[in-house]
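This is what each chain is made of:
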Amino acid sequence: MKVDDLIAKYNLPTPRYTSYPPANYFHERFTEEDFRKTIAASNQLSPEHLSFYIHIPFCPQLCYYCGCNSYPMEKKNVVEAYMNAVKAEIRTVLPLLDKKRKIAQIHYGGGTPTAIPLHFLKEINEMLLSTFGCIDKPEIAIECHPGYLTAKHWLELVEAGFNRCSIGVQDFNETVLKIANRRPSLLPLEEIIELLRTNDISINMDFIYGLPGQTVESFSQTISRAVELKPDRLVTFSYAHVPWINKNQLILEKAGLPKTEDKSKMYSHTVETMGSHGYVPIGLDHFVLPNDSLNIALRNGMLHRNFQGYCTRETTGQVYAFGVTAISQLSAAYSQNTRSIPQYIAAVNQGAIPVMRGYTLNEEEQLAREVITTLMCNERLNWEELAKHIGIPVVDIKQRLTYDESRLEDMAKDGIITYSPNEIKVTHTGALYVRNVAAVFDPLMHNGGAQNFSKPV
């Protein structure tokens, strides 16, 4: 099938499946009591490793494209009160966790987690790392906005114990950044990368394609410059136009978004450029060097993903999240904190976990999550391998799942997948539509609930 025909058929609103179920299915019937019970139960469930997420919501300047839970920067006293509340929430949750479990990941996101006084980050890292042991080579990572960081700030991150920095470049074209209301890097990227590499810090570089002002040629130039800097991992996020979530995106809509066909070419040119420079594609949007642990996991069918991004099965843990709007991802449930910063601070200071909503997964949804995550991460699903991993016979897995085989057969005819009773493989052509393949196994999508999601292209 021709590229334009594939876009016409498969470029439909579909979940990104960074979690399953997606967060818009969470509900307020899930309470703090439910969450505390789920935390207690999580000590006996797999994965047994611990993953901690800390949400710093403040941004000195809000980017128009952002779909994250971010807020304008508050005054110093509010930031201090918030960070003290985060530490208090951590102190409330840690006693509920088995101290024999080990830390696999610590991740800071936002917002702009590097916009606050960085000593807070060091204090939280020390609190977590002094309470639990770690697996071999845990990942302690932070999302960094280079528009506000001096050399001194980058060194503070090193001193705080981080071993991976994700640098949010988004685009090297300053005209594009200006339209999107994002500040360019304060320091030359070459200087930042040299400083981090000297201190043995792994480097991610993040970009977005599909923004106003971008063309196929201009974004190709951005990616060409990026590969010259040779980050360990390079991420190219597809801009998700969801103005019903972030009304600032209407500003970008007025500025003029690239055509769908051009956005598709930006992606295909990126794949070509990355491949010619030795990078290996990982999932929807990541590219890594061949010796990267993510590529090794992909080759072994052991790649995984959570809200923080891709990880290996070895570094996978149940996620315990702290801060306003933060989402915990446990084996049997999700829990999201309140959106209000004042309510969050008040609740935590009274000893409560400020649960706003959540979701408990039934048996079929837990199986669907395994299938969807496997497809999204590894772009293939071998039923026998899955059965071995989760300890359930293939026949039982298939009986408990609800899906339409004719849809898979149709995708195979279109060249999106290769399909047999034993295995599903996403083709090179179909990589852009892996979300559509995963959606076949999503029982929550069977009632036509796709209208609230972005499109793959």
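Residues numbered from 1 in each chain as written. Predicted model: local features only at pLDDT ≥ 70, side-chain atom pairs only at ≥ 80, totals over all residues. Heavy atoms only, no water.

## Quick notes on the UniProt feature "binding site: [4Fe-4S] cluster" (unreviewed entry) in the chain
Then comes step 1: Residues given the UniProt feature "binding site: [4Fe-4S] cluster" (unreviewed entry) here are Cys59, Cys63 and Cys66.
Then comes step 2: Mapped onto the elements of the fold, Cys63 is located in the loop between strand E2 (58-59) and strand E3 (71-72).
Then comes step 3: Within the secondary structure, Cys66 is located in the loop between E2 and E3.
Then comes step 4: Assessed through its relative accessible area of 17%, Cys66 is described here as buried.
Then comes step 5: Ignoring sequence-local partners within four residues, the contact set of Cys66 consists of Asn246 and Gln249. (UniProt positions renumbered as here; feature names shortened; annotations may be inferred. Helix = DSSP H or I, 4+ residues; strand = E, 2+ residues; numbered from the N terminus. Buried < 20%, exposed > 50% of the residue type's maximum accessible area, 1.4 Å probe, protein only. Contact = heavy atoms within 4.5 Å.)

## Concerning the UniProt feature "domain: Radical SAM core" (unreviewed entry) in the chain
Then comes step 1: If you check UniProt for "domain: Radical SAM core" (unreviewed entry), the listed places come out as residues 44-270 in our numbering.
Then comes step 2: Counting secondary structure, residues 44-270 comes out at 38% helix and 23% strand; the distance between its end C-alpha atoms is 43 Å.

## Quick look at the pairing of strand E5 (residues 133-144)
Looking down a regular strand, the side chains alternate between one sheet face and the other.
Then comes step 1: Direction of pairing for strand E4 (residues 102-110) relative to E5: parallel, over a ladder of six bridges. Residue pairing for E5: Ile106 is matched across the bridge by Ile140.
Then comes step 2: For the segment spanning E4, helix H4 (residues 119-129) and E5, crossover handedness is right-handed.
Then comes step 3: As defined by bridge partners, E5 adjoins strand E6 (residues 164-170) across four bridges and the pair is classed as parallel. Looking at E6, one finds that Ala141 is bridged to Arg164. (Pairing = 2+ DSSP bridges. Right-handed = clockwise from strand over helix to strand, strands pointing away.)

## Notes on the pattern of salt bridges
Then comes step 1: For the structure shown, the criterion picks out 14 salt bridges.
Then comes step 2: Of the charged contacts, one joins Lys9 and Asp414 as a salt bridge, the two residues approaching to 2.6 Å between their closest N and O atoms. Of this pair, Lys9 sits in helix H1 (residues 3-10) while Asp414 sits in the loop between helix H16 (405-413) and strand E18 (417-419), placing them 405 residues apart in sequence.
Then comes step 3: In this structure Lys9 comes out as partly exposed when scored by relative accessible area, which is 33%.
Then comes step 4: Close ionic contact of Glu139 with Arg233 constitutes a salt bridge, the shortest N to O distance being 3.7 Å. In this pair, Glu139 is assigned in strand E5 and Arg233 in strand E8 (residues 233-238), connecting sequence segments 94 residues apart. Both residues of the pair, Glu139 and Arg233, count as buried.
Then comes step 5: One continuous salt-bridge network, built from bridges that share partners, spans Glu139, Arg164, Arg233 and Asp292. (Salt bridge = Lys/Arg side-chain N within 4 Å of Asp/Glu carboxyl O.)

## Notes on the packing of helix H13 (residues 363-378) against helix H14 (residues 383-390)
Then comes step 1: Orientation of H13 relative to H14, taken along the N-to-C sense of each, is 130°, at an axis distance of 11 Å. Overall, the two elements H13 and H14 adopt an arrangement that is oblique. Pair H13 / H14 crosses with right-handed handedness. On H14, the residues that touch Leu367, Glu370, Val371 and Thr374 of H13 are Trp383, Leu386, His389 and Ile390. (Axes fitted to C-alpha atoms, helices over the stretch in contact; angles between N-to-C directions. Parallel < 35°, antiparallel > 145°, perpendicular 65-115°, else oblique. Left-handed = near helix turned anticlockwise from the far one by under 90°.)

## Some details on unusual backbone geometry
Then comes step 1: Backbone torsion omega between Tyr20 and Pro21 reads -5°, so that peptide bond is classified as cis.
Then comes step 2: Mapped onto the elements, Pro21 comes out in the loop between H1 and helix H2 (32-42).
Then comes step 3: Here the amide bond leading from Gly110 into Gly111 is cis, since omega sits at 20°, within 30 degrees of zero.
Then comes step 4: Looking at the element boundaries, Gly111 is found in the loop between E4 and H4.
Then comes step 5: Positive phi values are uncommon outside glycine, yet Asn181 reaches one of about 65°.
Then comes step 6: Along the polypeptide, Asn181 turns up in the loop between helix H6 (174-179) and helix H7 (189-198).
Then comes step 7: The backbone phi angle of Glu379 is positive, close to 55°, even though this residue is not glycine.

## Considerations on the packing of helix H3 (residues 76-93) against H4
Then comes step 1: At their nearest, the axes of H3 and H4 sit 11 Å apart, and the two run at 5° to each other. Comparing the axis directions of H3 and H4 gives the class roughly parallel. Of H4, the residues touching H3 (which contributes Glu80, Met83, Asn84, Val86, Lys87, Ile90 and Arg91) are Phe120, Glu123, Ile124, Met127 and Leu128.
Then comes step 2: Its residues assigned to classes, the contact of H3 with H4 comprises seven nonpolar, one polar and four charged. (Nonpolar A, V, L, I, M, F, W, Y, C, P; charged D, E, K, R; others polar.)

## What about the domain arrangement of the chain?
Then comes step 1: Segmentation of the chain into domains returns domain 1 (1-21 + 363-456) and domain 2 (23-322).
Then comes step 2: Computed over C-alpha atoms only, the centres of domain 1 and domain 2 are separated by 25 Å.
Then comes step 3: Facing 30 residues of domain 1, the contacting portion of domain 2 comprises 30 residues.
Then comes step 4: With both chains or domains summed, domain 1 and domain 2 bury close to 2300 Å², and 56% of this area falls on carbon and sulfur atoms.
Then comes step 5: Between domain 1 and domain 2 we count zero salt bridges in total.
Then comes step 6: Joining domain 1 to domain 2, the criterion identifies three residue pairs in polar contact (both at pLDDT 80 or more). (Domains from an automatic or database assignment. Buried area = accessible area lost by both parts, 1.4 Å probe. Polar contact = N/O pair within 3.5 Å; in protein donor to acceptor, adjacent residues only side chain to side chain.)

## Let's talk about the packing of aromatic side chains
Then comes step 1: For the coordinates displayed, the defined rule picks out 15 aromatic pairs.
Then comes step 2: Summarising the aromatic geometry, the rings of Tyr82 and Tyr344 are spaced 5.5 Å apart at their centres and angled 40° between planes, so their arrangement reads as tilted. With a gap of 262 residues between them, Tyr82 in helix H3 and Tyr344 in helix H12 (residues 341-349) connect regions that are remote in the sequence. The pair formed by Tyr82 and Tyr344 is uniform in burial state, with each residue classed as buried.
Then comes step 3: Ring pairs connect the aromatic residues Phe52, Phe132, Tyr320 and Phe322, which therefore count as one cluster.
Then comes step 4: Cation over ring: Arg225 sits above Phe172, and NZ or CZ is 4.1 Å from the ring centre.
Then comes step 5: Here the basic side chain of Arg305 rests over the ring of Tyr310, its NZ or CZ set 4.3 Å away from the ring centre. (Phe/Tyr/Trp six-rings, centres within 6.5 Å; stacked < 30°, edge-to-face > 60°. Lys NZ or Arg CZ within 6 Å of the ring centre and 35° of its normal.)

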